[in-house]
Amino acid sequence: MRASLLLLLFCYVCNQSFPQGAADDDANRVIKSPDDLGLRIFRAIQNNRYEQAKNASALTLTKTDMKNIGHDLIKIIERKIEGGTYQDPADGHAVIGGIRSTFLNEEEIKKQFAKFEQEEKILKKSFFDIQVSAKKIGFNWGQTKYLKTDSSRVKSDKHVPLPMGDIYIHFTADNREFRIKLPNCANPPKIGWLMDSDPLSLEIIKTK
């Protein structure tokens, strides 16, 4: 997994030890749920509109967005510390330190944004690869039907206020069921749900 800015905090936290305790006119609309995210990406793929998918990804975040996310996360964690969520408050302060060194560090932000161009190439290729795969499998996107978005793998961590996880879009085509994997989706404060820039993939669930 490539470390996009949206996932820097997650990567940091995984190395810590804690005690057990829509359409184009939707482009600027905050995505409020995993279901909304799944439906928007499905529509983008169904209509072969890459920019619509990109606009629902971490690739649209600006440096200002990243700093705002960092400040918002710190405020949330400070409230958790005050509320006694952390058995040892030092653990909460360690998470805050990780946020400051990633989301609020100018050099780290520049370093990660420099990777975005390459990351977009990979995401874009995976988007159009799905179009090619559909033709090889033998179905037309215009005849597909959206079923549901499975967000059961999204988890809300007790210590870090950033729900994250893989999301799966289920749909039918030609009497078969398929799903599209959106890796590493997240819901940063005030930004709404976004998918990461990791590659999308198409899988067959049920055959005729």
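The structure we're discussing is the one just above.
Attention in this report is confined to the structure presented alongside it. (Residues numbered from 1 in each chain as written. Predicted model: local features only at pLDDT ≥ 70, side-chain atom pairs only at ≥ 80, totals over all residues. Heavy atoms only, no water.)

**Here's the deal with the environment of K80**
Positionally, K80 belongs in helix 4 (residues 63–82). The class of K80 is partly exposed, set by a relative accessible area of 23%. Distance from K80 to P161, taken between C-alpha atoms, is 9.4 Å for residues 81 residues apart in sequence. (Helix = DSSP H or I, 4+ residues; strand = E, 2+ residues; numbered from the N terminus. Buried < 20%, exposed > 50% of the residue type's maximum accessible area, 1.4 Å probe, protein only.)

**Quick word on the pattern of salt bridges**
Taken as a whole and assessed by the stated rule, the structure comprises nine salt bridges. A salt bridge links K67 to E106; the shortest N-O distance between them is 2.2 Å. With a gap of 39 residues between them, K67 in helix 4 and E106 in helix 6 (residues 106–113) connect regions that are remote in the sequence. The salt bridge partner of D72 is K190, with a shortest N-O separation of 3.5 Å. Of the two residues, D72 is situated in helix 4 and K190 in the loop between strand 3 (176–186) and strand 4 (201–206); the sequence distance between them amounts to 118 residues. Note on D72: relative accessible area 12%, which makes it buried. Take K190: its relative accessible area is 72%, and that puts it in the exposed class. (Salt bridge = Lys/Arg side-chain N within 4 Å of Asp/Glu carboxyl O.)

Take it as geometry only, folks, not as evidence of what the structure does.
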